[in-house]
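Structure at a glance
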Amino acid sequence: MKSEILRLCLRLALLIPLLFSSCSKNFQKSDLPPDFDGLSFEGEFPLEYASAVKVWEYGLLRGDRVYLLTVLNSDKYLLADKDLELPKNLPPEIKVIRTPVKKVYLAATSAMSLFNAIGSLDSVRFSSLQKNAWFIDEAKNAMDEGKILYAGKYNAPDFELLLKENCSLALESTMIYHSPQIKEKLEDLGIPVFVDKSSYEENPLGRLEWVKIYGLMCGGASRAEEFFGGQISSLDSSVRAAERSRESYPSVAFFYINPSGMVIVRGGEDYVSKMIEMAGGKYAFSFDKNNSSPSVAVSMENFYARCADCELLIYNSSIDNTLSSKAELLEKSVLFKDFKAFKSDNIYVTGKNLYQATDKIGEMILDLRAAIYGEEREMKFLAKIE
């Protein structure tokens, strides 16, 4: 009975961000699906944690399925088989993506690990990163073998190569909005653009659940469901163990220091702060719920006032790869010598692969739990410094 109660508590904790976000900036319960000629509405595709995307499922008499995606209540996409005749009353603002997708230009780097997790790396033909910038071995190997080609950065793609190789989809991050002319040109050339907005998910598991979206695109929906279910299952039992470890959560600071000496921390609603809380930690800036920015700059003096008593410091080396020892931390500021975590040798740095490993969010949470509670674990994303 006690374990069941703990399991219920965990589920509620994981769902809290989803419940609050769904009542505010994303979708309303009263949303009604549009009608399309020749398509029958079947229902809403189930997403347990993701709130930045909604999926309506439609059916045809022959049994095919068509999916309408609405991202943050604005961008709309219709996923339809390449041989399917499109509805005549399809609104022009709905972009059509033919499935299963092939020859994708992947410029949303966080999505590569999700394609890889469901065995759909062969859907990716082009990369916006060169081989050495990837921390995903399978992606690097595919580029070595010529299966994935470098096709220029997101803001300067090789249009000639994309056309020559019949690119069927440009998968972009929100950075593409800084170069709207590139998005427009891709679409003018007949290459649909899908903008990944998983970074807007407030629940870390919502980011991971985007694997189901890419499963629908690649024809691997069942593989995506199986992968996601396995991640949730293993994380569920492990986090419940952390719940039993302490009644009060240890305090944690996650940060890096930029060249001008400002301390960059994650906002209170950011997914990193949510992962810390899910791992059993109390994020030092979690009270700042009104700041929706993923990163916030504070002075060293302000950081000291807020975090000097934190039991754990985590330095974000995926952004600033300049820290390998406590001595180097002191070079950034002598104030660190008075931090509780500095005195107790409880300082960790992240790996460079932190932001590319979307498929391993569960592993990140378990690494955080091990650091917070001093548990033995072969960590994949954190390393202790001396």
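Residues numbered from 1 in each chain as written. Predicted model: local features only at pLDDT ≥ 70, side-chain atom pairs only at ≥ 80, totals over all residues. Heavy atoms only, no water.

**Some points on the sheet that holds strand β10 (residues 193-195)**
Taken in spatial order, the 5 strands make up an open sheet running β8-β7-β6-β9-β10, and their pairing is parallel. One side of each edge strand has no neighbouring strand; the edge strands of this open sheet are β8 (149-150) and β10. Taken together, the 3 bridges between strand β9 (residues 169-172) and β10 define a ladder with parallel strand orientation. Opposite L171, over in β10, you have F194 as the bridge partner. (Pairing = 2+ DSSP bridges. Helix = DSSP H or I, 4+ residues; strand = E, 2+ residues; numbered from the N terminus.)

**Some details on the environment of K282**
Relative to the helices and strands, K282 is located in strand β13 (residues 282-283). Separated by 29 residues in the primary sequence, K282 and E311 place their C-alpha atoms 9.8 Å from one another. Those residues in contact with K282 that sit more than four places away from it in its chain are Y249, P250, S251, V252 and I276. (Contact = heavy atoms within 4.5 Å.)

**Some points on the side chain of S317**
Within the secondary structure, S317 sits in the loop between β15 (312-315) and α11 (326-332). Given a relative accessible area of 2%, S317 falls into the buried group. Residues contacting S317, with those up to four places away along its chain left out, are L323, V349, T350 and K352. (Buried < 20%, exposed > 50% of the residue type's maximum accessible area, 1.4 Å probe, protein only.)

**Quick word on the sheet that holds strand β1 (residues 40-44)**
Here 5 strands make up an open sheet; going across it, the order is β1-β2-β3-β4-β5 and the pairing mixed. The outermost strands of the open sheet, each flanked by one partner alone, are β1 and β5 (94-99). The average undirected angle you get between the axes of adjacent strands in this sheet is 25°. Of the strand pairs in this sheet, β1 and strand β2 (residues 53-59) are connected by 4 bridges, and their pairing is antiparallel. Residue pairing across strands places G43 opposite E57, the latter belonging to β2. (Axes fitted to C-alpha atoms, helices over the stretch in contact; angles between N-to-C directions.)

**Some thoughts on empty space enclosed by the protein**
Within this structure, the stated rule accounts for 2 cavities of 30 Å³ or more. Looking at the largest cavity, the residues that line it are F254, V272, M275, T350, L354, M364, L368, F381 and L382. Among the elements of the structure, α9 (271-278) and α13 (361-373) are those that each provide at least two residues to the lining of the largest cavity. Per-class residue counts for the lining of the largest cavity are 8 nonpolar, 1 polar and no charged. (1 Å grid on protein atoms, 1.4 Å probe; cavity = no way out; pocket = protein on both sides within 12 Å on 5 of 7 lines; lining within 4 Å. Points joined across faces, edges and corners; volume = space filled by probe spheres on them. Nonpolar A, V, L, I, M, F, W, Y, C, P; charged D, E, K, R; others polar.)

**Some points on the layout of surface pockets**
By volume, the largest pocket amounts to about 1200 Å³. Class assignment for the residues of the lining of the largest pocket results in 14 nonpolar, 13 polar and 10 charged.

**Re unusual backbone geometry**
Residues T99 and P100 are joined by a peptide bond in cis, for which omega reads -5°. If you trace the backbone, P100 turns up in the loop between β5 and β6 (104-106). You will see that N166, though not glycine, has its phi angle at about 60°, which is positive. Counting through the fold element by element, N166 comes out in the loop between α4 (159-164) and β9. Phi angles above zero are rare outside glycine, and D345 is one such case at about 55°. As for its position among the elements, D345 is in the loop between α12 (340-343) and β16 (347-350).

**As for helix α7 (residues 211-218)**
Among the 8 residues in α7, 8 count as buried, and that is most of the element. Of all the residues in α7, the buried ones are V211, K212, I213, Y214, G215, L216, M217 and C218.

**Some remarks on the pairing of strand β3 (residues 65-71)**
Buried residues dominate β3, accounting for 6 of its 7 residues. As paired elements, β2 and β3 share 7 bridges and run antiparallel to each other. Across the sheet, residue G59 finds its bridge partner in β3, namely R65. Bridging between β3 and strand β4 (residues 75-81) involves 5 bridges; their strand directions are antiparallel. Paired with V71 across the two strands is D75, which belongs to β4. The hairpin turn running from β3 into β4, its antiparallel successor, is 3 residues long, and L72 in that turn takes a positive phi close to 50°.

**As for the nonpolar core**
Formed by 113 residues in total, the largest nonpolar core has its most connected members in F194, W210, F255, F303 and F336. Residue contributions to this core peak at 8 residues, all from α13. Sequence-distant contacts of F194, that is, excluding residues within four places in its chain, are made with L69, V71, Y77, I97, L169, A170, L171, E172, W210, I213, Y214 and M217. Among the nonpolar cores identified, the runner-up in size contains 12 residues, and F36, A80, L84 and L90 belong to it. (Core = buried A, V, L, I, M, F, W, Y, C linked by side-chain atoms within 4.5 Å.)

These values are about where atoms sit, not about what they do.
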